[in-house]
Amino acid sequence: MKTVMRILSAGAVAVIAQSAAASEPFDACKGPFTFVESTSTYEDFDFWLGEWQVVTTEGGELRGYDKIKMIHDGCVLMQEWHQMDDLFSLNASPNRLRGTSLTGIDAKGRWRQLWTDNSGSNMLLTGGMEEGVMTLRSEWIEVPTQNGDMVKVRNLWYWHPQEDGTIHNWGEQQRDSETGQRTKYFDITYRRAVKGGPAFNLRVPKPAE
């Protein structure tokens with residue numbers, strides 16, 4: 001009987017310990033990487049989290065709405081993009097661009113983003129923080145030109161957090177090689193969306209006391 005009571009008591013202690021552990025916050029992805037030598041940290045891209053109104057950097061016209069949230073124990077960023085103009089709409093298509101991306105780290109300590117959208121575009125971009133700018137580059141692909149020739153291209157996307165809480169985001173397409181010509185094809189600014197506020201209302205960070 002005493003043996004049975006010891007077993008029951010041990011089981012009760014284990015259940016209590018598991019319950020206590022389950023109630024504590026679990027930060028799976030915080031701080032520096034531990035499984036590989038890397039200068040990156042899990043918080044490198046936290047500045048992108050939130051709900052945003054996105055405007056053209058020059059002119060301030062509304063370009064889209066973006067929502068970035070953490071999933072999978074804080075290890076992955078999920079993006080939901082809603083285009084509000086026809087810049088990237090397909091010819092004769094009634095639909096504006098809608099896109100989703102998943103961004104996390106790989107076994108080499110690199111940031112990687114998988115982007116897919118309703119235009120049929122799919123890209124895998126790789127990179128990390130470079131002098132305060134999150135810089136991701138796609139793989140090289142071959143595409144046909146108007147005269148039928150094939151040319152190698154890749155995309156480069158940049159996110160530069162600003163002191164006022166906005167984010168300068170732009171994209172370039174590069175041709176032929178690492179030193180090939182780059183052409184900018186979008187240049188936008190993220191402004192935090194304030195629920196109940198007017199369009200383009202900018203939430204200015206409070207000064208430190």
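First, a word on what this report is: a plain description of the structure on this page. Predicted, not measured: the structure shown is a model, and the values here were computed from it. (Residues numbered from 1 in each chain as written. Predicted model: local features only at pLDDT ≥ 70, side-chain atom pairs only at ≥ 80, totals over all residues. Heavy atoms only, no water.)

In this description, an aromatic ring pair is defined by two values, namely the gap between the centres and the angle between the planes. Evaluation of the coordinates by the stated rule reveals 11 aromatic pairs. With a centroid separation of 5.2 Å and 75° between ring planes, the pair formed by Phe-45 and Trp-159 is classed as edge-to-face. Of the two residues, Phe-45 is situated in the loop between α1 (2-23) and β1 (50-56) and Trp-159 in strand β9 (residues 150-161); the sequence distance between them amounts to 114 residues. Both residues of the pair, Phe-45 and Trp-159, count as buried. Relative to Phe-186, the ring of Trp-157 lies with its centre 6.2 Å away and its plane at 75°, an arrangement referred to as edge-to-face. With a gap of 29 residues between them, Trp-157 in strand β9 and Phe-186 in strand β11 (residues 182-192) connect regions that are remote in the sequence. This pair shows no difference in class: Trp-157 is buried, exactly as Phe-186 is. Grouping aromatic residues by their ring pairs yields a cluster made of Phe-45, Phe-47, Trp-48, Trp-111, Trp-115, Trp-157, Trp-159, Tyr-185 and Phe-186. (Phe/Tyr/Trp six-rings, centres within 6.5 Å; stacked < 30°, edge-to-face > 60°. Helix = DSSP H or I, 4+ residues; strand = E, 2+ residues; numbered from the N terminus. Buried < 20%, exposed > 50% of the residue type's maximum accessible area, 1.4 Å probe, protein only.)

With that out of the way, let us pick up the nonpolar core. Among the nonpolar cores identified, the biggest contains 21 residues, and Phe-45, Trp-48, Trp-159 and Tyr-190 are the most heavily contacted of them. The element best represented in this core is β11, accounting for 3 residues. Leaving out residues up to four positions away in the same chain, Trp-159 has contacts with Phe-45, Phe-47, Trp-48, Gln-113, Gly-132, Val-133, Met-134, Leu-136, Ile-167, His-168 and Asn-169. (Core = buried A, V, L, I, M, F, W, Y, C linked by side-chain atoms within 4.5 Å. Contact = heavy atoms within 4.5 Å.)

Moving on, we come to the state of the cysteines. Enumeration according to the criterion identifies 1 disulfide in this entry. The disulfide partner of Cys-29 is Cys-75, and the S-S distance across this bridge is 2.0 Å. Looking along the S-S bond of the Cys-29-Cys-75 disulfide, the torsion reads about 85°, which is the right-handed sense. Within this pair, whereas Cys-29 is found in the loop between α1 and β1, its partner Cys-75 is found in the loop between β2 (62-71) and β3 (76-83), the two being separated by 46 residues in sequence. Cys-29 gets classed as buried once you look at its relative accessible area, which sits at 9%. Assessed through its relative accessible area of 26%, Cys-75 is described here as partly exposed. (Disulfide = S-S within 2.5 Å.)

We now examine the side chain of Thr-135. Position of Thr-135 among the secondary structure elements: in strand β7 (residues 133-138). Under the relative-accessibility criterion, Thr-135 is labelled buried at 2%.

What follows concerns the pairing of β9. One ladder, built from 4 bridges, connects β7 with β9; its direction is antiparallel. Across the sheet, Leu-136 pairs through a bridge with Trp-157, a residue of β9. The pairing of strand β8 (residues 141-144) with β9 spans 4 bridges and is classified as antiparallel. Residue Pro-144 lies in a different strand from β9, and its bridge partner there is Met-150. (Pairing = 2+ DSSP bridges.)

Moving on, we get to the pattern of salt bridges. The full count for this structure, using the stated rule, is 7 salt bridges. Notably, a salt bridge pairs Arg-110 with Asp-106, separated by 2.7 Å at the nearest N-O pair. Judged by its relative accessible area of 31%, Arg-110 is partly exposed. (Salt bridge = Lys/Arg side-chain N within 4 Å of Asp/Glu carboxyl O.)

What follows is about unusual backbone geometry. The backbone of Glu-131 shows a phi angle near 55°, a positive value even though the residue is not glycine. Along the chain, Glu-131 falls in the loop between β6 (122-130) and β7. Within the chain, Asp-176 stands out as a residue other than glycine whose phi angle is a positive 75°. Mapped onto the secondary structure, Asp-176 falls in the loop between β10 (167-175) and β11.

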